[in-house]
Each structure stands twice: as structure tokens, then as C-alpha cells.
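If you want the building blocks of each chain, they are given just below.
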Amino acid sequence: MAEHPLSLLLLIPILLVGVLLPCGDSKFIAYNTSHGVVPGKLNVHLVPHSHDDVGWLKTIDQYYVGSNNSIQGACVQNVLDSLVPALFSNPDRKFIFVEQAFFQRWWRDQCEMIKGLVRKFISSGQLELINGGMCMHDEATSHYIDMIDQTTLGHRFIKNEFNVTPRIGWQIDPFGHSSVQAYLLGAEVGFDSIFFGRIDYQDREKRKDEKSLEVIWQGSRTFGSSSQIFAGAFPENYEPPPGGFYYEVNDDNSNSPVVQDDMELFDYNVPERVNAFVDAAIAQANITRTNHVMWTMGTDFKYQYANSWFQQMDKLVHYVNLDGRVNALYSTPSIYTDAKHAASKSWPIKTDDYFPYADRINAYWTGYFTSRPGLKGYVRIMSGYYLAARQLEFFKGRNESGPTTDSLADALAIVQHHDAVTGTEKQHVADDYAKRLSIGYKEAEKVVAASISCISGSDCGSPVTTFEQCPLLNISYCPPSEIDLSHGKNLVVVVYNSLGWKREDVVRIPVLSENVFVVDSHGKEIESQILPLANASVVIRNYYVTAYLGKIPTVTPKYWLAFSATVPPLGFSTYIISKANRKASTSMQTLLKATGSATDTIVVGPGHLKLIYSENGGKLIGYINTRSSINASMEHSYKYYTGNDGSADTKVIPQASGAYVFRPNGTYPIKSEEQGAFTVLRGPILHEVHQRINSWISQITRVYKGKEHAEVEFTIGPIPIDDGQGKEVVAEITTAMKSNKTFYTDSSGRDFIERIRDYRKDWHLEVNQPVAGNYYPLNLGIYIKDERTELSVLVDRAVGGSSIVDGQLELMLHRRLVHDDSRGVAEALNETVCAFDKCTGLTVRGKFYLRIDPLGEGAKWRRSFGQEIYSPFLLAFTEQDGKEWRSSHVSTFSGMDPSYSLPHNVAIITLQELEEGKVLLRLAHLYEVGEDKELSVMASVELKKLFPMKKISSAEEMSLSANQGRAEMEKKRLVWKAEGSPEGANNNNKAARGRAVDPAKLVVELGPMEIRTFLINFI
């Protein structure tokens, strides 16, 4: 935006008028707002704030500029614009701002004078940029790598622009809180405390009684007190306290009288307002330890005319302090945290997390764990792609003039918002998030193509070879592979591996002909397999390609080509697909119908793993692993919960099932409409079992040679609602295991937490929703165990899951509902897709993976394969016309020393070139302490072998968000006393962590669960 000199000149006297003009005999009152903390008194910390969702009812840009106000009157630009004169006119006033996605939009448009004022506000502590990420990310459906990335994006901007580091976590609106947020996105980014608004209503009441809303949160079983943080849950929500202290102009303030202090006018009310203030302060003090309480003065999108709040707070501070019973002060969470710390009290310890969250009876916010599964899947795919794209961008060298991965970074950061990836936004807002991801992907796709072209030997300046990619491969659409290979054409497939170890996996791509063969990077023909493309997949492909791209596919492939690719760490291998005069290895196809004999079985699996199906009915009945001697009964089925509409609630507030809330009204098993009909495909690389469960659910179960897990690809939708009933579709895995009500779910894709059905560690649970109240968020997976074995199920996106019955696991895979759940979004969760002049309910295709291991051996698969799910092979395609590819191109590449590989308990979660050639590197240990006898140990990474083609001049260890040195962060860390630990909880730390990096040896050590972040400079 261009600067307007005239308006700037006019602004200066407006800002200064209260300072420079004499008041004469006017009745101007100079309110005394300068009070700080007063020892011995109850101190009420007034924290002005505005909670600004980066998308919810309106899109992020609509919220920023204030458009589409028929939905919601909200304009963040107004908030920030009005803050400047409000803060300038009184240096005692304070404000906190959270969402960097908004702040950076605003900052780019400001003139140097306004920027200078804002820098002074930030330097003096008047304006505190709190939390500091691009958004206030979700904690249930965001993956920890995405949480780190979006926080880093905001923190590094704040550091570069203002030379400050945020101190406080401010997660006031996410719907429950993860242990990873506490120790990783809290303590490990250098926060001194974290505050939040939403915990279970039963938990909150007990904590009020015990004065334990504020705790020392030790979120990591591995790190214990070494990564603990002071954490506070608000007494109610993140609004002003009861008693009438809400001052947004043009809102309904009938219950919040202004402070009328002119005795010559009617309705003088200073004594009443002071008494209400003192009463509210004392009420909060009665549920809080120490003589400090925090009032959150604001709520969603407030301070659009900031002076309307500050005028009233000036008066409250002035008159309350004249009264003298309590002390009121302008404050921030940093000041409040320091005051709590200075009190030198001991605090209760909190472990694990704050899931699931219910705000009242029958209202468990566990539906959003699965809501909008298509968007959740897209986010996860883009997240893994972004990780790989940054690596390739580094290997080629970042081009500041573009294209870059920045647009995808920004889109991924925004969609981590707690009303974005959660699926709790309006439909047009969900569309906006998907559009931003698509735009970011298209630019990052150019980076990937240019990088692979450069590394493989083409001209790096203007590549001659054009590589294409297939973002719609999950619906069988890949134009680069659907080409006619006659007339000497060959298809070149470059397979990139973003993991730090050598990897072998099966590549599957659609092709037009079964007469093909595959040659590897050394020119050797390798084994391949042809599988037919199911008719149902073709229908979905055509419909969704038309819906997404606006065009009907011109060709229709008939087959999948599968081959096993072996790829070096941080590198690629090249495979050439050519026309053959013979058929490739074709899958043997068996169509089975009910036989009448209940004892006949079908064995599926080309390797150690065998799945046993009954020939009568086509049901999975057994799981055998010949290597590990596992022989277990197993069933796989589908069911749905009908969504409750709340109409039967007469004695409590009605509650329907919706985007946020899961409230079932009955369970209905889904039986196959074609009893016993299923197709088995067998070949040398994999076996497949195709099953049509009903007209809107089908699945393919795959068992690969050399793999010891089963892959289940489900296709669900359109979910029928013509009966007026919303449906929430669940997959069940049933075994005979005696799991004793206990199961384990991941925390944001990182640590696993023990769950016990109908039980909470922190309070006696009153069970009113036995299904919804036992659902938990999954980003990595879920498992159960007994005395002999453990069953693990891993997922490809965020979903909800549970173990409602011993020996059984269930995943909620899709939801389509017909009622709103009264939490503000005001829309039923009823996603549709339109093409060919019709709209149908959303069909979702995804995968989950299952495996049974001997007790104590499952972690190895969960951790290593879980990383492969997050970081799948990246495929790039080009055509070769006649010329021998290997003689003119690099056919295999690794960015690491060819003799080196990372240990299997370490992953590279960030490799990114920053400004001035600096490189951001994050290494993550994948195992918890005691999780695996061989891999839950100290690991080491040799940086010289990680970067063999560069010479490292320095490797500075940083905080997790890379905005301050690690050593500097540790020096500033506040030490808190925990109950039962009088010397200070940190003194009890026994967690194993890697030693400081020797600048000569450049070896990084990592203890279990440790993530270490480095800024690396090269000579």
C-alpha cells in the first residue's frame, strides 16, 4: 500500500493533542494508571487482548480487511490501526497481539513513522508479540513438524524485525491441549509459561476447588522436569470476568455499564463499578494461588476501536486503586508470570495432556478430530511435500527471485490454525485454505522440478528437461505416466527419498498398457507387476478431476504398474519404463463368492505376513507372521454412528453432533451388500484384496513382499443422508487381545500417552458419553497390548480413534452431518463436490496400516514406518526420446556421503536454506525413553558426512524455533518449584541429552525424544 503524506501529517497532531495542549480550567481528569505490582495486596493484572482467528466464519483476508461483514463484523486492520494512537496517548497502557499472519500483513503496509512508534511500543513492553506463530495452531490435528514450522516462521520474523523473542505461550482457544505443546512448543522454544482457556468442565471445577488451575506441566515422560513449564487454565474462558467488564463499541454491552464518573451527569456509578471489580477480583483470588490474578480483557476480534476499552480500563485502574482494597494494573502475561515466579510458591504437577475436552454434559469436542478428512489429508500430504521440497531447494541453491517454497510455507502455517485443519470453519473458508495450499504447491512444484533437473545433470539456469508431478495420484490421475510408450518413447521416473536412511518401497503409477518393463538406475531390468484399475476408481477419477481441474481426462489408464524402488538417503534413484513386446508380470485375479462351507479359507500375502479370509463371506479372520510366530484372530469391519440432533434433551442444554462435537445416537454395523463377494489379486510384489462393503464404502487391502504390515486403502462416500440422519463412519479392528481398558495414542505425532477407558488421571470422571468421551486425536497412530502381543494402527492424516471394547481399535474416517452443534460456525458439516451439473457428498480416499508384534517390539515399526508415512517417496516424471538417459544424466544421487546413513532412530525434520546462505537443520530422535531396547538410546549424526560437498564454518545450536541460541535460552529459563520437589523441580532432571557439539568433530548427539536445531554456515 502506498503511503499518504497528508494523512500522516494530520495524524501527528492527533496523536499528540492530549500531551501538548493545556487543559486550562477544563474538567479534564488525569487518571493515574501507573501502578505496578504492590506487595501484600491482591494484584489484578489487566491483560488487553484480541483473539483473531486466521479464518473461521470468514477467510483470513476477509477478517483482515473487514469484508463480508454480513457474516461477522470483524476487521483486524482496524484493531491494529486503532491500537497505535491508543497506546501512544498513555504509555501505561499495554496490549498483547498473537497472530503473526495478521500482524505481518499490517506491518508491510505501514509507513516508517508508524513502524518507529510500534518498535518503541515493543521495546518498552507496551505491545507484546505473544505466542509468536503465524497462527494459534491446533493441538489435536496439527502434526508436531507443522507446529514447529509455523512457529518458526513467526518467531524468526519477530527476531529479525524487532530483536525480541516471545516468552509466553498463549493457546487460549484450541479445543484441548497436547503434551507436545507444553514441552516442545513451550519449554523448548524458550517460553516461561503457557496459558489456555479450554479444559474439560469437570476438570475445571475440581481445579477451582483445589486452586490448581495453574500447574507445573511436565508434558514429556522422557524429559520430565527438564522441559516443564508453568501452565495456567483460565477460570472460565478468555473473556473478561463476570461482573460487567466488556467494552467493545457497537456490541451489546447492556451487562457492562461504562464507568460514568461525571457527577454532573445522570447514572454516576463509580462506587458500583469499583465494588463489582473488587468482588470479581476476590472471587477469582479464591480459586487462585498467590496474590495475583489475571483478567483477560478482550475476546474475538475486539479493540476495533481500541479507545473504547482503554478509556474504561483507565478509569477502573484509577478508581480501584483510589479505593485501595485491591491493586489494579495494566499488565501482560509476561509480567504476570514473573510475579507468580517471584512468589516462590510450589505448584501442583500436571503430566500427560488435556484431552478430550467437553464444555458441558454430552458435549465432547472429539468430532473435529476427523471433521473434513479431505482437507486433513491434503494438509498432511503438503506437509511431507514441503519437507522434501526444502531439501531439494537447498541442494540446488535457493533462488531469491523465485520460485521458492515460501508460498507453501505460508499456506501450511495458516492452515494449522485451530479453526482450519480442525475442520471447524465454514465451507467457503475451508475452500480458501485448500486454494492457498494449491497455490503454494504449484510454486513449490516448480522448485522441485528445477532442482531435480539441475541435480540430474541438466542446465541449472534454464533446465532443458521438464519434470512433472502427480498431486492427484491418490485418485489414479497422473497424466505424465499415462502416455503412449510406442515409437521409442520411454518414461523416466525420478524417485526422491527425503529420509536420512536408505529406503525400499513400492511405487504404483497408472499406465495405459500392460506391455511394459522397468529398468533401474544401473540399467538392470527389475521385477514389476501389473494390476487392473478398478472401475469404481475410474468413476471417482473422472468425477473429481473434472471437479478440481475443470476438465475431463482425455485418456483412461487400465492398469497400475507396481515396482519396488530402492533409494539412497536424501537422494533419488531413476527408473525407466519402456514398452515391451511381452506382458509384464500380471496379477492373478480370483473372484470369490460364498461357497457354503464355513471352514474354507483364503490366504493372502507374498511374504512373512499372511492374512486369512473366510471364503464364506470374505471376512478377515486371521493374521499370521511366520517370522515372528504371531498367529492371531483378527476381524475388520465398518460401522457408523448416527449423529444425535439433541431433540431428546429436555433437562439439559440440547446438544447435536456437529463439526466440533461428537455425540452419537446409536451404532449401526455396516454389512456387505454383496455377501461373500471379493476379489484377490496376487503377484510377485504384492497381493491385494478388493472388497465392496456397500454402495458407498469399498476398500483394498494390500500385503507387500518384504513388508510385515497390512495397508488398507478405504474409499468412503458419498455418505447418504436422505434419511435425515447424519452418519459418522468408523473402521473397527477386532482381536482376542486382553487389553484391560487400556490403549495408547500419540500426542501431535510425537509421544505416546496411555489412555484408560472411562478414566481420567486428574479427577473422578462422571461418564455421560461412553463413546465420545473416550475418543482421542491421532496423528501417528494408536495401539493396544496384552501380556504377549501388541496391535498397532497407523494413520495417513489426523483422525479420531479409541478402544471402546477390549481387544478392539476403532478409527473414525469420515463424517457427514445434518445439524449444527451450536458452537458458532452455524453450518452443518455437509461437504459436497460438484461436477457434471450435479453435487454429491464428499468421497474420501485414505489409508491406514496395521500390524501385530510380539510385546515390546511394536515401537520399531510405529516409529520408522510412521516416518515413512509422513515422508512418502516424491515422484517426478519426464519423457526420454530415444537417447540413453544414464549416459547424459545423473541417475542416482545422495546429498549425504555415499558411505553414510543416519541411524534409524533419527530423522531430519528440517533442512532449509535461509537468508545469506545460512542453513536451518533440525534433527529429531524418534524414540521415547524405554520404548525400544535397541533404539531408545543416544544417537549421533556426523555433520561432515551429512554435508560432504560443503565445508562447515560454524554450527550454532538454537532454540526449537531458531530465534535464539540454545545456551542463551537455557540461561534465561525460569526455575519453578513443584509440589514434592522443594529444591526446585529442575534439580531432579535425569533426562539424557546430547552434549555440546565440538566445532572440530561436528558430531551431534541426540538422546531419546530430543530435537536439536542448528544454524549452519558454510565456507
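These numbers were taken from a predicted model, which means no experiment stands behind them.

It is worth spelling out the overall build of the protein chain at this point. Regarding its fold elements, the protein chain presents 19 helices and 48 strands. A globule of 1019 residues ought to have a C-alpha radius of gyration of about 31 Å, and the protein chain, at 30 Å, matches this closely. Its C-alpha atoms give the protein chain principal-axis dimensions of about 105 × 65 × 65 Å. When each of the 1019 residues of the protein chain is scored for burial, the buried share is 63%. In the protein chain, the 104 positive side-chain charges and the 119 negative ones have mean positions that sit 4 Å from each other.

Of the residues in the protein chain, 95% have a pLDDT of 70 or more, and the chain-wide mean is 93. For residues 1–26, every residue scores under 50 in pLDDT, and the model assigns this stretch 15 contacts once sequence neighbours within four places are set aside. In the predicted structure, residues 982–988 sits below a pLDDT of 50 and forms 16 contacts with residues beyond four places in sequence or in another chain.

Turning our attention to the state of the cysteines. Enumeration according to the criterion identifies 3 disulfides in this entry. One disulfide in the model links Cys454 with Cys460; its S-S distance is 1.7 Å. Judged by the torsion about the S-S bond (80°), the Cys454/Cys460 disulfide is right-handed. The side chain of Cys470 participates in a disulfide bridge whose partner is Cys478; the two sulfur atoms lie 2.0 Å from each other. Judged by the sign of its S-S torsion, about 60°, the cystine formed by Cys470 and Cys478 is right-handed. The exposure class of Cys478 is buried, given its relative accessible area of 0%. In the protein chain, the bonded cysteines, numbered by position in the sequence, are linked as 1-2, 3-4, 5-6.

As a further point, take the sheet that holds strand β4 (residues 168–171). Read across the open sheet, the 5 strands follow the order β4-β5-β7-β6-β11; overall the sheet is mixed. In the strand order of this sheet, the two ends are held by β4 and β11 (349–350), each with one partner.

Residue Pro403 follows Gly402 across a cis peptide bond; omega there is -5°. By the secondary structure assignment, Pro403 is in the loop between α12 (373–396) and α13 (406–414). Here the amide bond leading from Gly717 into Pro718 is cis, since omega sits at -10°, within 30 degrees of zero. Assignment of secondary structure puts Pro718 in the loop between β28 (710–716) and β29 (727–735). The backbone of Phe301 shows a phi angle near 55°, a positive value even though the residue is not glycine.

This next bit is on the sheet that holds strand β8 (residues 292–297). What the 3 strands build is an open sheet, ordered β8-β1-β9; its pairing is parallel. Each edge of the open sheet is held by one strand with a lone partner, namely β8 and β9 (327–330). Between one strand axis and the next, the sheet turns by 25° as a mean value, whatever way the strands run. Alignment of strand β1 (residues 43–48) against β8, held across 6 bridges, turns out to be parallel.

This part takes up the environment of Trp763. Note on placement: Trp763 falls in the loop between β31 (751–756) and β32 (776–778). For Trp763, a relative accessible area of 10% corresponds to the buried category. Taking the C-alpha atoms as reference points, Trp763 and Glu879, 116 residues apart in sequence, are found 63 Å from one another. Looking at Trp763, its side chain comes within polar contact range of the side chain of Gln202, at 3.1 Å.

Moving on, we come to the side chain of Asn963. Relative to the helices and strands, Asn963 is located in the loop between β45 (952–958) and α19 (966–972). Among the polar contacts made by the side chain of Asn963, one reaches the side chain of Ser959 at a distance of 2.9 Å. The contacts of Asn963, once residues within four sequence positions are left out, are His155, Lys159, Thr165, Pro166, Val189 and Met958.

In summary, soluble globular proteins display a tendency toward joint burial of nonpolar side chains. Grouped together as the largest cluster of nonpolar side chains are 191 residues, with contacts concentrated most on Phe103, Phe277, Trp295, Phe310, Tyr638, Phe848 and Leu946. The greatest single-element share of this core, amounting to 10 residues, is contributed by α12. Beyond its immediate stretch of four places on either side in the chain, Tyr638 contacts Pro669, Ile670, Ile693, Ile697, Gln699, Val712, Phe714, Ile716, Val729, Val730, Ala731 and Leu813.

If you check helix α15 (residues 535–549), its first and last C-alpha atoms are 21 Å apart, about what 15 residues at 1.5 Å a residue would give, namely 21 Å. All of the buried residues in α15 are Ser537, Val538, Ile540, Arg541, Tyr543, Tyr544, Val545 and Thr546. Buried residues in α15 make contact with β28, β37 (832–835), β38 (838–841) and β39 (844–854). Phi for Gly550, located one or two positions after α15, is positive at around 75°.

Under the definition given, this model contains 59 aromatic pairs. For the pair Phe245 and Phe277, a centre-to-centre distance of 5.9 Å together with 85° between the ring planes defines the contact as edge-to-face. Taken together, the residues Phe245 in the loop between β7 (229–233) and α9 (270–285) and Phe277 in helix α9 connect sequence positions 32 residues apart. Linked through ring pairs, Phe95, Tyr246, Tyr247, Tyr303, Trp309, Phe310 and Tyr330 together constitute an aromatic cluster. A cation sits over an aromatic face here: Lys350 above Tyr354, 4.4 Å from the ring centre. Lys950 extends its terminal NZ or CZ atom over the ring of Phe1018, reaching a point 5.5 Å from the ring centre.

For the structure on display, the rule yields 66 salt bridges. Its salt-bridge partner being Lys426, residue Glu827 comes within 3.9 Å of it at the nearest N-O pair. Of this pair, Glu827 sits in the loop between β36 (808–816) and β37 while Lys426 is found in the loop between α13 and α14 (427–455), placing the two residues 401 residues apart along the sequence. One salt-bridge network, held together by shared partners, links Asp203, Arg207, Lys350, Asp352, Lys761 and Asp762.

A few words on empty space enclosed by the protein. Tallied over the entire structure, the rule returns 10 cavities of 30 Å³ or more. Empty space within the largest cavity amounts to approximately 150 Å³. If you trace the largest cavity, you find 16 residues lining it, with His143, Gly749, Leu780, Gly866 and Gln867 closest to the centre. Top contributing element to the lining of the largest cavity by residue count: helix α16 (residues 858–870), with 6 residues. Taken as a whole, the second largest cavity spans an internal volume of roughly 130 Å³. Lining the second largest cavity are 15 residues, and of these Glu214, Ala233, Pro235, Gln284 and Tyr336 lie nearest its centre. Split by residue class, the lining of the second largest cavity holds 9 nonpolar, 3 polar and 3 charged.

A word on the side chain of His292. Along the chain, His292 falls in strand β8. Note on His292: relative accessible area 5%, which makes it buried. Engagement of the side chain of His292 in a polar contact is seen with the side chain of Asn291, the distance being 3.4 Å. Residues within four places of His292 in sequence aside, it is in contact with Val37, Leu42, Asn43, His45, Tyr336, Ala339 and Lys340.

Turning our eyes to something else, we now look at the packing of α13 against α14. Here α13 crosses α14 at 155°, and the two axes come no closer than 7 Å. Classified by the angle between their axes, α13 and α14 sit roughly antiparallel to one another. Crossing handedness for the pair α13 and α14: left-handed. Counting all contacts with α13, which are made through Ser407, Leu408, Ala411, Leu412 and Ile414, the residues of α14 involved are Tyr433, Arg436, Leu437, Ile439, Gly440, Tyr441, Glu443 and Ala444. Here the contact of α13 with α14 is composed, by residue class, of 9 nonpolar, 2 polar and 2 charged.

Glancing now at the environment of Gly571. Here Gly571 lies in strand β18 (residues 571–579). Residue classification places Gly571 among the buried positions, given a relative accessible area of 0%. Setting aside residues up to four positions removed in sequence, Gly571 forms contacts with Val495, Tyr496, Asn497, Phe893 and Ser894.

Rules of the game
Residues numbered from 1 in each chain as written. Predicted model: local features only at pLDDT ≥ 70, side-chain atom pairs only at ≥ 80, totals over all residues. Heavy atoms only, no water. Helix = DSSP H or I, 4+ residues; strand = E, 2+ residues; numbered from the N terminus. Rg over C-alpha atoms; globule rule 2.2 N^0.38 Å. Buried < 20%, exposed > 50% of the residue type's maximum accessible area, 1.4 Å probe, protein only. Lys, Arg positive; Asp, Glu negative; His and termini not counted. Charge placed at Lys NZ, Arg CZ, Asp CG, Glu CD. pLDDT = per-residue confidence, 0-100. Contact = heavy atoms within 4.5 Å. Disulfide = S-S within 2.5 Å. Pairing = 2+ DSSP bridges. Axes fitted to C-alpha atoms, helices over the stretch in contact; angles between N-to-C directions. Polar contact = N/O pair within 3.5 Å; in protein donor to acceptor, adjacent residues only side chain to side chain. Core = buried A, V, L, I, M, F, W, Y, C linked by side-chain atoms within 4.5 Å. Expected span 1.5 Å × (residues − 1). Phe/Tyr/Trp six-rings, centres within 6.5 Å; stacked < 30°, edge-to-face > 60°. Lys NZ or Arg CZ within 6 Å of the ring centre and 35° of its normal. Salt bridge = Lys/Arg side-chain N within 4 Å of Asp/Glu carboxyl O. 1 Å grid on protein atoms, 1.4 Å probe; cavity = no way out; pocket = protein on both sides within 12 Å on 5 of 7 lines; lining within 4 Å. Points joined across faces, edges and corners; volume = space filled by probe spheres on them. Nonpolar A, V, L, I, M, F, W, Y, C, P; charged D, E, K, R; others polar. Parallel < 35°, antiparallel > 145°, perpendicular 65-115°, else oblique. Left-handed = near helix turned anticlockwise from the far one by under 90°.

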